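Commentary on secondary and tertiary structure
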Amino acid sequence: MAKNFLKVTCKDCGSEATIYSRSTSLISCTVCGATLSIPSGGKANLIGCTVLETLE
Ligand SMILES: [Zn+2]
């Protein structure tokens with residue numbers, strides 16, 4: 001249950017980002033500005049990115 005951080009790639013530009021899996025704020029791609037994740041029920045809802053790896 002220790003899925004705290006996720007390494008993801010932006011679907012729009014392909015850049016990598018590390019995001020917190022329970023982030024309560026909206027996360028945007030730092031390169032192209034696309035929305036990567038929106039908060040949903042206490043966990044991040046990934047909408048614009050693909051998970052590469054789960055970091056503990
Ligand atoms: Zn991007």
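Residues numbered from 1 in each chain as written. Predicted model: local features only at pLDDT ≥ 70, side-chain atom pairs only at ≥ 80, totals over all residues.

As summarised here, the arrangement of the three strands in space is β2-β1-β6, forming an open sheet in which the pairing is antiparallel. Looking at strand neighbours, the two that pair on one side only are β2 (16-20) and β6 (49-55), the edges of this open sheet. Between one strand axis and the next, the sheet turns through 30° on average, direction left out of account. Pairing of strand β1 (residues 5-10) with β6 involves six bridges; the strand directions are antiparallel. Note that in β6 the partner of T9 across the bridge is T50. (Pairing = 2+ DSSP bridges. Helix = DSSP H or I, 4+ residues; strand = E, 2+ residues; numbered from the N terminus. Axes fitted to C-alpha atoms, helices over the stretch in contact; angles between N-to-C directions.)

Before going further, it helps to examine the pairing of β2. Note: β1 against β2, five bridges, orientation antiparallel. Each bridged residue has a counterpart across the sheet, and for L6 the counterpart in β2 is I19. Where β1 folds back onto β2 in an antiparallel hairpin, the turn is made up of five residues, including G14, whose phi is positive at roughly 85°.

Here we have three strands laid out as an open sheet, ordered β3-β4-β5, and antiparallel in their pairing. The open sheet has two edge strands, β3 (27-28) and β5 (43-46), and neither has a second partner. Looking at chain direction, β3 and strand β4 (residues 35-40) are connected through two bridges and run antiparallel. The residue of β4 that forms the bridge with S28 is T35.

Moving on, we come to the nonpolar core. Counting seven residues, the largest nonpolar core consists of L6, V8, C10, I27, C29, L36 and C49. Among all residues touching I27, those that are not within four sequence positions of it are I19, L36 and S37. (Core = buried A, V, L, I, M, F, W, Y, C linked by C-beta atoms within 7 Å. Buried ≥ 20, exposed ≤ 12 C-beta atoms within 10 Å, placed from the backbone. Contact = placed C-beta atoms within 7 Å.)

We now examine the environment of L55. Within the fold, L55 resides in strand β6. Taking the number of C-beta atoms within 10 Å as the measure of exposure, L55 has 13 and is therefore partly exposed. Each C-alpha atom of the pair L55 and C13 lies 22 Å from the other, and the pair is 42 residues apart in sequence. With sequence-adjacent residues up to four places away left out, L55 is seen in contact with F5, L6, K7 and T18.

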